[in-house]
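# Survey of secondary and tertiary structure
Below, each chain spelled out in residue letters.
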Amino acid sequence: MSLNAGGNKIRPEVSGRLTIDLAALRSNYRKLASLASDAECAGVIKADAYGTGAEAVCQALSQEGCQTFFVATISEALRVRSVLADVSVYVLDGLPPDCADLFAAQSLRPVLGSIAEIEDWAAYCQHCQTCLPAAVHIDTGMNRLGLSAKDIKAIADRSDLFAGFELALVMSHLACADDPDSPMTEAQRIAFDELRRMLPAAPASLANSAGILSGQAYHYDLVRAGVALYGGRARSVQTNPMLPVVSLDGRIAQIRHIEKGETIGYGATFRASAPMIIATVSIGYADGFFRLLSATNEKAGATAYIGNYAAPLVGRVSMDLVTLDVTDVPADHVSRGAFVELIGSHNSVDDIADLAQTIGYEVLTSLGTRTERLYVGA
Ligand SMILES: *Cc1c(COP(=O)(O)O)cnc(C)c1O
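A few points on the structure.

What counts and how
Residues numbered from 1 in each chain as written. Predicted model: local features only at pLDDT ≥ 70, side-chain atom pairs only at ≥ 80, totals over all residues. Heavy atoms only, no water. Near = heavy atom within 4 Å. Polar contact = N/O pair within 3.5 Å; in protein donor to acceptor, adjacent residues only side chain to side chain. Areas by Shrake-Rupley, 256 points an atom, 1.4 Å probe, with all protein chains shown as cover. Nonpolar A, V, L, I, M, F, W, Y, C, P; charged D, E, K, R; others polar. Core = buried A, V, L, I, M, F, W, Y, C linked by side-chain atoms within 4.5 Å. Buried < 20%, exposed > 50% of the residue type's maximum accessible area, 1.4 Å probe, protein only. Contact = heavy atoms within 4.5 Å. Helix = DSSP H or I, 4+ residues; strand = E, 2+ residues; numbered from the N terminus. Expected span 1.5 Å × (residues − 1). Phe/Tyr/Trp six-rings, centres within 6.5 Å; stacked < 30°, edge-to-face > 60°. Axes fitted to C-alpha atoms, helices over the stretch in contact; angles between N-to-C directions. Parallel < 35°, antiparallel > 145°, perpendicular 65-115°, else oblique. Left-handed = near helix turned anticlockwise from the far one by under 90°. Pairing = 2+ DSSP bridges. Right-handed = clockwise from strand over helix to strand, strands pointing away.

### Structural notes on the site of the ligand
- Every residue close to the ligand is listed here: Val44, Lys46, Tyr50, Leu92, Met171, His173, Asn208, Ser209, Arg224, Gly226, Val227 and Tyr361.
- One of the side-chain nitrogen or oxygen atoms of Lys46 is found 2.7 Å away from an oxygen atom of the ligand.
- The side chain of Asn208 places a nitrogen or oxygen atom 3.5 Å from an oxygen atom of the ligand.
- In isolation the ligand has 390 Å² of accessible area, and contact with the protein removes 93% of it.
- Partitioned by chemical class, the residues of the shell around the ligand number six nonpolar, four polar and two charged.

As structure tokens, this is what we get:
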């Protein structure tokens, strides 16, 4: 049985592993919290903590003093509650019909995103004679969720609505904060200030990860850190200040010697121009290693690493396998059952995202559905 850097045992039957460095995650949290200075730093752990495992991440962040968590759905909120009894949990997708009971029973906080949701929550609180906390989401340019300027004006004078529940947070969400040149970020901040003044006074929140990196004006009372916690690049033009959290490795299933002229994989998109040694590795697009990372003779794809040796992908990524050119890797590094790095110190999540024409968020949230998760640095 092999050991990884953290000394954890890796069972021989594990074909792919996603390693999650909780020490790096915690360090990223501390960094974001210190950047946010006086604002509280909340953890956004929707989509199973961006694919890294909600329970483990909640516990690690809570050890750093994180008191507030944001999820997308109620089922995600229940998973936070199952490991952390006393933290605030906000559900970003809002209050679906007939769910107020569940929110109240589990002490969850809806992020109310329409007049109808505010009315429902206020009515529920009145019905229970309890002033329960919730956030109100003001839309300043996304047009997905949240009250429009017109909605805010329509309810500004309805003190009946706001008397019934605790307005624990007023928030909005930035559309373009990843782009430091976008004028929209500042325009949204101004709109947020204008609109939130029409509501009863409450703590305010505007910044996602990119907003945290955009400066103090965006921090308000609470910031919502997501992708940067997990080592992702939040802003497009600056070196990423966060530590990588995730690495992906797959095991070599077979090593084959092929002749000049033979083809590799589906569609026969790669043909050997000379004899080659191919390592077939047990990771594929079903593990979140996108098909767009494939290589043809004309176009290079992703590169895997065996130690510090580059092993370029050849041919298509299939569901469960990738094929690597290991002709130039010293033979003692290429053995059946050995692990090969697909994402890690040589290839960041964002490098892979760029190659696959997507964003680090999609890479992160696609990983780890089948691979074994290994937590280190706990
Ligand atoms: C996902 C999300 C965040 C976190 O965004 P990152 O860019 O991952 O930091 C913050 N706020 C809202 C409303 C979100 O949906």
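### Concerning the nonpolar core
- In terms of nonpolar packing, the biggest core is built from 116 residues, with Ile45, Trp121, Phe165 and Phe289 touching the most fellow members.
- Ignoring any residue separated from it by four or fewer positions in sequence, one finds Ile45 in contact with Ala54, Val57, Cys58, Leu61, Phe69, Phe70, Val71, Val80 and Tyr230.
- Ile258, Phe270, Ala272 and Met276 belong to the second-largest nonpolar core, a separate cluster that totals seven residues.

### Comments concerning helix α1 (residues 22–35)
- A rise of 1.5 Å per residue sets the reference length of α1, with its 14 residues, at 20 Å; its end C-alpha atoms lie 20 Å apart and thus fit the reference within 8%.
- Where α1 is concerned, the buried positions are Leu22, Ala24, Leu25, Arg26, Asn28, Tyr29 and Leu32.
- Close packing links the buried residues of α1 with β3 (16–21), β4 (40–44), α3 (54–63), α10 (209–212), β11 (222–225) and β20 (372–376).
- Put simply, Asp21 is the residue that caps the front of α1, since its side-chain oxygen is 3.0 Å from the backbone nitrogen of Ala23.

### A short note on the packing of aromatic side chains
- Under the counting rule described, the total for this entry stands at seven aromatic pairs.
- Between Phe103 and Trp121, the ring centres sit 6.1 Å apart and the planes meet at 80°, which makes this aromatic pair edge-to-face. Pair noted here: Phe103 is in helix α5 (residues 100–105) and Trp121 is in helix α6 (residues 115–128), with a separation of 18 residues, a long-range link.
- You can call Phe103 buried: its relative accessible area is 0%.
- Judged by relative accessible area, which is 0%, Trp121 ranks as buried.

### Concerning the packing of α1 against α3
- Put simply, α1 and α3 touch, their axes get as near as 9 Å, and they point 50° apart. In terms of their interaxial angle, α1 and α3 are classed as oblique. As α1 packs across α3, the resulting crossing turns out to be right-handed. From α1, Leu22, Leu25, Arg26 and Tyr29 reach across to α3, where they touch Ala56, Val57, Ala60, Leu61 and Gln63.
- In terms of residue class, the contact of α1 with α3 is built from seven nonpolar, one polar and one charged.

### Things to note about the environment of Gly51
- Here Gly51 is to be found in the loop between α2 (46–50) and α3.
- Linking Gly51 and Arg251, residues 200 residues apart in sequence, is a C-alpha distance of 20 Å.
- With residues up to four places along the chain from it excluded, the contact list for Gly51 reads Leu18, Leu364, Thr365, Leu367 and Arg373.

### What to know about the pairing of strand β8 (residues 133–137)
- Extensive coverage of β8 is indicated by the burial of five of its five residues.
- Here β8 shows a buried face lined by Pro133, Ala135 and His137 and a second buried face lined by Ala134 and Val136.
- Bridge count between strand β7 (residues 109–112) and β8: two bridges; the pairing is parallel. Bridge pairing links Leu112 to Val136 in β8.
- Regarding topology, α6 serves as the crossover connection from β7 to the parallel β8, and that connection is right-handed.
- Across five bridges, the pairing between β8 and strand β9 (residues 166–171) is parallel. Bridge pairing links Ala135 to Leu169 in β9.

### A word on α3
- Where α3 is concerned, the buried positions are Ala54, Ala56, Val57, Cys58, Ala60 and Leu61.
- Residues of α3 that are buried sit in contact with α1, β4, α2, β5 (68–71), α4 (74–83) and β20.
- Immediately downstream of α3, the backbone of Gly65 shows phi near 95°, a positive value.

### Digging into the side chain of Ser88
- Mapping Ser88 onto the fold places it in strand β6 (residues 88–91).
- Assessed through its relative accessible area of 18%, Ser88 is described here as buried.
- Non-local contacts of Ser88, meaning those with residues more than four positions away in its chain, are made with Gln67, Thr68, Phe69 and Arg109.

### Some words on unusual backbone geometry
- One non-glycine residue, Ala49, adopts positive backbone phi at about 55°.
- On the secondary structure map, Ala49 appears in helix α2.
- Judged by relative accessible area, Ala49 falls into the buried class, the value being 0%.

### A look at the environment of Ala100
- With respect to the helices and strands, Ala100 occurs in helix α5.
- Through-space distance from the C-alpha of Ala100 to that of Leu355 is 43 Å; in sequence the pair is 255 residues apart.
- Once you skip the residues sitting within four places of it in the chain, Ala100 turns out to touch Leu95, Trp121 and Tyr124.

Treat this as a map of the structure, not an account of what it does.
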